[in-house]
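Chain residues, written in single-letter form:
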Amino acid sequence: MTMGFILFLGFAPLLAVRLKTLLTYFQQEEYNSRRFGGAIFRVRLYDVMASVVLIFVALFSGMAPWLAVPGAAALGAIALREARYTYKKPLVWTERARRIFSVAAVLSGVAGLLVLAAPFWGFAVIQALPLALITANALLTPMQERVNHRFIQAARAKLRRMDPVRIGITGSFGKTTVKHILAEMLETSGPVFFSRGSINTELGLTRHIRQRLQWSHRYFIAEMGAYGIGSVRRLCRFAEPTYGIVTAVGDAHTERFGSIENIAIAKCELPEAVVRKGGLAVIAYQVMSFEPFQRIKAAHPDQIKTVGREPEADIVIEHAELVNGFWEITLHDPSGPVDRLTYQLPLLGEHNIVNSALAAVMALRIDPSIAARLPLVSKEVEQIPHRLQKRETRGQALILDDAFNSNEGGFRNAVDVLSDLAKTRGGRAILVTPGIAELGIEHDRVHLALGEYCNSRCDEVHVVNPTRIRSFLDGLDSSVLTVHQAGTLAEARKRLSGDTRPEDVILYENDLPDLLEETRML
């Protein structure tokens, strides 16, 4: 048995395990090769441990061929260790993932045979594995596009055939919350179809339509995410909404768009599409500071209705007060089906005042007959998972789960709720956060400001992956609060597990994917 073959016995399993590890991160980047290429160094997806073993064996195997045996054992041990990795967002073995893995496995497997000739080739192959996935994805893209197109066309045909009333929702933040509130309000009028969670892409909606849309559904609500200018326009061509809601324009995802002005252009694609169909768009008054919304409002005043606390809004939030854990909200809508609407809402956070108002206004414009029933429904609206969701267990600290928040305004609102609840309970306000993602050039400014905001509202802050948000740490004043640093969310939770009291309140503010939270030693 040759030295090369012995080494290959340990190298082949490592190739398979490593491909799966890398594919997990590739999937988290939505198979975007450019972004995955950037993650290789950011997350440290290049190999270190196996490379050291292979180089050592290559350098000294000429003098000591028997080194192939411990070398193969070391490679096998590395593979076994890596196979036990856990992820917050584990790999989902979709058909696309299986195809990419299979092609990449063939490419890397053939290249891996070079180890039989010389151990040094193993070093080159293990470092090139990310390229194998990128190449496999590129080779499969034409076929994947044909498959996607076929599924999308089938979903569009089904949607047109069943023809429910269609409502699109977009915005930098608040989309999912408004979708859930609107769905519960419209249920008083008829069965509502909406995608669960944060499904907001064409393929995501396609899958849900094909699997779940029924003839009985009277309403169809589509959450519309924007990954660049034109994204919402494509979703509108797909869903063809006659009603639309724009929740906000903010600096979330500035990294993708380049500027907040580009974000405004992208979000305005929904009301533009709705207006062309003769429909109605309800938008938060806040977005009127951006030129695209000013232009479309001026051109179509009867089809664009603004909602906000500002007296200039078409529908004014006249009153909003938190009473016994419920928001009591009054809307003044001079041109609506009812002049004034008062309702209660059990969701935490001031941002949900506007979110619920947008949903209520849209529900009443779609079906005015539910005006009397809407206040009965609103006070029973369920908490939206991972969006300032309250979780309480007897004898333990109150948990506020805001894991899916990703914007500056929501962060501040959540910290305010944390502070108020901690004061009410007589406990500590404890914040656990990895910060916000995809802020681009605004990253340091926003995180510095958020750190300073926490100083007067928190008693203890656990900063997850502090190397990514040094500016947030800089904003925290350790003389007025306790600051802890943790490499991962799991590490922060472990520290807190034995150091809290029942009266304390813990806010988990955002939960970033593996790509942004943790670097590994591969």
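Quick notes on the rules
Residues numbered from 1 in each chain as written. Predicted model: local features only at pLDDT ≥ 70, side-chain atom pairs only at ≥ 80, totals over all residues. Heavy atoms only, no water. Pairing = 2+ DSSP bridges. Helix = DSSP H or I, 4+ residues; strand = E, 2+ residues; numbered from the N terminus. Axes fitted to C-alpha atoms, helices over the stretch in contact; angles between N-to-C directions. Contact = heavy atoms within 4.5 Å. Salt bridge = Lys/Arg side-chain N within 4 Å of Asp/Glu carboxyl O. Parallel < 35°, antiparallel > 145°, perpendicular 65-115°, else oblique. Nonpolar A, V, L, I, M, F, W, Y, C, P; charged D, E, K, R; others polar. Expected span 1.5 Å × (residues − 1). Buried < 20%, exposed > 50% of the residue type's maximum accessible area, 1.4 Å probe, protein only. Polar contact = N/O pair within 3.5 Å; in protein donor to acceptor, adjacent residues only side chain to side chain.

**Q** Teacher, can you tell me more about the sheet that holds strand β15 (residues 505–509) here?
**A** For sheets, the rule is that strands pair by backbone hydrogen bonds, running either parallel or antiparallel. The strand order across the open sheet formed by six strands is β10-β11-β15-β12-β13-β14, and the pairing between neighbours is mixed. In this open sheet, the two edge strands, each paired with only one partner strand, are β10 (389–391) and β14 (482–486). The mean inter-strand angle of the sheet, taken between neighbouring strand axes irrespective of direction, is 20 degrees. Relative to strand β13 (residues 460–464), strand β12 (residues 429–433) runs parallel, the two being bridged by four bridges. Looking across to β13, one finds that Val-432 is bridged to His-462. Here helix α20 (residues 489–496) sits on the sheet in contact with β12, β13, β14 and β15, set at roughly 150 degrees to β13.

**Q** Please clarify how the pattern of salt bridges should be interpreted in this entry.
**A** Any two side chains of opposite charge can pair if their charged atoms end up close together. This model, assessed by the stated rule, comprises 23 salt bridges. A salt bridge links Arg-166 to Glu-240; its shortest N-O distance comes to 3.2 Å. Separated by 74 residues along the polypeptide, Arg-166 in strand β1 (residues 165–170) and Glu-240 in the loop between α10 (231–239) and β4 (243–246) bring together distant segments of the chain. For Asp-504, the salt bridge is made with Arg-501, and the minimal N-O distance between the two is 3.8 Å.

**Q** Any chance you could explain the packing of helix α17 (residues 408–425) against helix α18 (residues 443–454) here in plain terms?
**A** To characterise two packed helices, one gives the angle between the axes of the helices and the distance between these axes. Between α17 and α18, the least distance of the axes is 11 Å, while the angle of their chain directions is 10 degrees. In terms of orientation, α17 and α18 fall into the roughly parallel class. Residues Glu-408, Phe-411, Arg-412, Val-415 and Asp-416 of α17 lie in contact with α18, whose contacting residues are Arg-445, Val-446, Ala-449, Leu-450, Tyr-453 and Cys-454. Residue composition of the contact of α17 with α18, by class: seven nonpolar, no polar and four charged.

**Q** Would you take a moment to explain the sheet that holds strand β5 (residues 280–284) for this structure?
**A** Strand order in this open sheet of nine strands is β2-β3-β1-β4-β5-β6-β7-β8-β9, and the pairing throughout is mixed. What marks the edges here is a single partner per strand, and that holds for β2 (192–194) and β9 (340–345). Adjacent strand axes in the sheet meet at a mean angle of 20 degrees when their direction is disregarded. As judged from the four bridges shared by β5 and strand β6 (residues 304–308), these two strands associate in the parallel manner. Directly across from Ala-284, in β6, lies its bridge partner Val-307.

**Q** Hey, could you run me through the environment of Tyr-508 in this one?
**A** You can see Tyr-508 is positioned in strand β15. Separated by 74 residues in sequence, Tyr-508 and Pro-434 place their C-alpha atoms 9.2 Å apart. Not counting residues within four places of it along the chain, the set of residues in contact with Tyr-508 comprises Ile-399, Leu-400, Asp-401, Asp-402, Ala-403, Val-432, Leu-489, Arg-493 and Leu-496.

**Q** Got a minute to help me understand helix α8 (residues 175–186) in this structure?
**A** What sets the pattern is the α-helix's 3.6 residues per turn: residues three or four places apart point alike. Along its 12 residues, α8 runs 16 Å from first to last C-alpha, staying within 8% of the 16 Å computed at 1.5 Å per residue. Most of α8 is tucked away: 11 of the 12 residues are buried. For α8, the elements touching its buried residues are β1, β2, β3 (219–223), β4, α15 (351–366) and α16 (374–378).

**Q** Would you mind showing me how to read the side chain of Glu-29 here?
**A** Checked against the element boundaries, Glu-29 lands in the loop between α1 (3–28) and α2 (33–42). Among the polar contacts made by the side chain of Glu-29, one reaches the side chain of Arg-35 at a distance of 3.1 Å.

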